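This is what each chain is made of:
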Amino acid sequence: MELNKLIRENIKKLEPYACARNEFSGEAGVFLDANENPYNAPYNRYPDPLQHKLKEEIVKIKGCRKEQLFLGNGSDEAIDLVFRAFCEPGKDNMVRIDPSYGMYQVCAEINDIETRTVSLDENFRISAKKLLRAADENTKLIFLCSPNNPTSNLLDKEEVISVLKNFNGLVILDEAYIDFSPGNSFLPELNKYDNLIIFQTFSKAWGMAGIRLGMAFAAPEIITVFNKIKYPYNVNILTQQKALESIKENSKEKNKWVSKLLEARDVLSEELKTISCVKKVYPSDSNFLLVKMDDANKTYKYLTDRGIIVRNRSKVNLCNNCLRITVGSEKENTMLLLALKERDL
Ligand code: PMP
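About the thresholds
- Residues numbered from 1 in each chain as written.
- Predicted model: local features only at pLDDT ≥ 70, side-chain atom pairs only at ≥ 80, totals over all residues.
- Heavy atoms only, no water.
- Phe/Tyr/Trp six-rings, centres within 6.5 Å; stacked < 30°, edge-to-face > 60°.
- Helix = DSSP H or I, 4+ residues; strand = E, 2+ residues; numbered from the N terminus.
- Buried < 20%, exposed > 50% of the residue type's maximum accessible area, 1.4 Å probe, protein only.
- Lys NZ or Arg CZ within 6 Å of the ring centre and 35° of its normal.
- Salt bridge = Lys/Arg side-chain N within 4 Å of Asp/Glu carboxyl O.
- Polar contact = N/O pair within 3.5 Å; in protein donor to acceptor, adjacent residues only side chain to side chain.
- Contact = heavy atoms within 4.5 Å.
- Pairing = 2+ DSSP bridges.
- Axes fitted to C-alpha atoms, helices over the stretch in contact; angles between N-to-C directions.
- Core = buried A, V, L, I, M, F, W, Y, C linked by side-chain atoms within 4.5 Å.
- Near = heavy atom within 4 Å.
- Areas by Shrake-Rupley, 256 points an atom, 1.4 Å probe, with all protein chains shown as cover.
- Nonpolar A, V, L, I, M, F, W, Y, C, P; charged D, E, K, R; others polar.

K.L.:
Quick one: what's the story with the packing of aromatic side chains, residue by residue and with numbers?
P.N.:
The description of an aromatic ring pair rests on the distance of the ring centres and on the angle between the ring planes. Scanning the model with the defined rule gives nine aromatic pairs in all. Ring geometry for Tyr177 versus Phe288: centroids 5.0 Å apart, planes at 75 degrees, classification edge-to-face. Of this pair, Tyr177 sits in the loop between β5 (170-174) and β6 (196-201) while Phe288 sits in strand β9 (residues 288-293), and the two are 111 residues apart along the sequence. The class of Phe288 is buried, set by a relative accessible area of 2%. These aromatic residues form a ring-pair network of at least three members: Phe83, Tyr101, Tyr104 and Phe143. Geometry around Phe186 places Lys157 over its ring, the cationic atom sitting 5.3 Å from the centre. Here Arg324 stacks its cationic end above the ring of Phe288, 5.6 Å away from the centre of that ring.

K.L.:
If you had to explain the pattern of salt bridges to someone new, which residues and values would you point to?
P.N.:
If you walk through the whole model with that rule in mind, you get 22 salt bridges. Here Glu114 ties to Arg116 by a salt bridge, and the two come within 3.0 Å at their closest N and O atoms. Judged by relative accessible area, which is 40%, Glu114 ranks as partly exposed. What you see here is one network of salt bridges that share partners, running through Glu114, Arg116 and Asp136.

K.L.:
Requested: an account of the side chain of Ser100, with residues and values cited.
P.N.:
Within the secondary structure, Ser100 is located in the loop between β2 (93-98) and α6 (103-110). There is a polar contact of 2.8 Å between the side chain of Ser100 and the side chain of Asn148. Residues in contact with Ser100, not counting those within four places in the same chain, are Cys145, Asn148, Asn149 and Pro150.

K.L.:
How would you sum up the sheet that holds strand β8 (residues 278-281)? Please name residues and give values.
P.N.:
Strand order in this open sheet of four strands is β8-β9-β11-β10, and the pairing throughout is antiparallel. Of all the strands in the sheet, the pair left with one neighbour each is β8 and β10 (311-312). The pairing of β8 with β9 spans three bridges and is antiparallel. Counted as the bridge partner of Lys280 is Lys292 from β9. Contacting β8, β9 and β11 (322-326), helix α10 (residues 237-273) crosses the sheet at an angle of about 5 degrees to β9.

K.L.:
Please set out the pairing of β9 residue by residue, giving values where relevant.
P.N.:
Most of β9 sits out of view: five of its six residues are buried. The hairpin turn running from β8 into β9, its antiparallel successor, is six residues long. One ladder, built from five bridges, connects β9 with β11; its direction is antiparallel. Counted as the bridge partner of Leu290 is Arg324 from β11.

K.L.:
I'd love a proper account of the nonpolar core, names of residues and values included.
P.N.:
Core analysis: the biggest nonpolar cluster contains 46 residues, and Leu131 and Leu144 have the highest contact counts within it. Take this core: its biggest share by element is four residues, from helix α8 (residues 157-166). Counting residues in hydrophobic clusters, the runner-up holds 33 residues, among them Leu81, Leu141, Ile197 and Ile229.

K.L.:
So, the site of the ligand: which residues are in play, and what are the values?
P.N.:
Taken together, 13 residues are adjacent to the ligand, and Ser75, Asp174, Tyr177, Thr201 and Ser203 come closest. At 3.2 Å from an oxygen atom of the ligand is found a main-chain nitrogen or oxygen belonging to Asp76. Measuring from a nitrogen atom of the ligand, one finds a side-chain N or O atom of Lys204 at 3.0 Å. When the ligand sits alone it has 410 Å² of accessible area, and the protein chains cover 91% of it. Of the residues assigned to the shell around the ligand, the class counts are four nonpolar, five polar and four charged.

Have a look at this one:
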């Protein structure tokens, strides 16, 4: 893969905005460079545009280099940036698996990029051959998601490797749910594939969807492109502080949450199987279950009328009559089961 051929011409030529804080990198006591208000510290100051301290802590737990890490306003920011960096509107295209996370297609459409959709098979498996066949000389990106949303399964590693080895563009592997299937991340193999971009997030296992912090891991040359085009202060001071604090204080807690949720998921899955309106509970490698109902629309309405919100996926390819149910707290899971059992009577 030749990265230089993938980057859009306008981005290659771009002279990025230079923040005041980027232009100076020493110790100072008087800051009169950024038109900030001197009062209301520490919120009066712009945040570190490249989030150095936070990155130092993240790379310690992730086992990669700082230059291989981009931080954004959720993974959603990184999804948008790959289109803006590498896809020429009205000309280039991307290939994605179907079903998968909806934002890949939405961001493609916003950026006027054609989407080529390749269906998973009935067991939600990918075929590298099919994905590669869908690509042409204008395909810049292939989007994979493992564990996949909404099918909840990990993708076959050999197939992912085959896509990585045989595709001349960039492969995005969204690992938002990877903490729920330990040991299966591609991150330890990042150095092997110069066309691999891995997305992870603080929104799931870390329990911090509210602070909006997503990670992209890739070769330093790719990260440099993201940093060149991102908003100057894309991760705010509160988010950087809270994430730092959580990594230092909450890492063990996070692992406990994951174990607890995995146990709860298995209990919920077994309980759901005993309910007559449930036709099938698919195996899950994540913190949610894809559940086939006899009538998903009716069950969805029944549950919302009782204040229980799940995700109706029945219109999605291969998910006819399926609800996607997040594993919640013990109390939430019990309320869901009680409501469904009551309907059974
Ligand atoms: N990727 C996948 C597969 C998701 O399901 C989601 C959110 N549901 C995201 C990314 C978005 O993550 P973030 O909160 O980091 O923007």
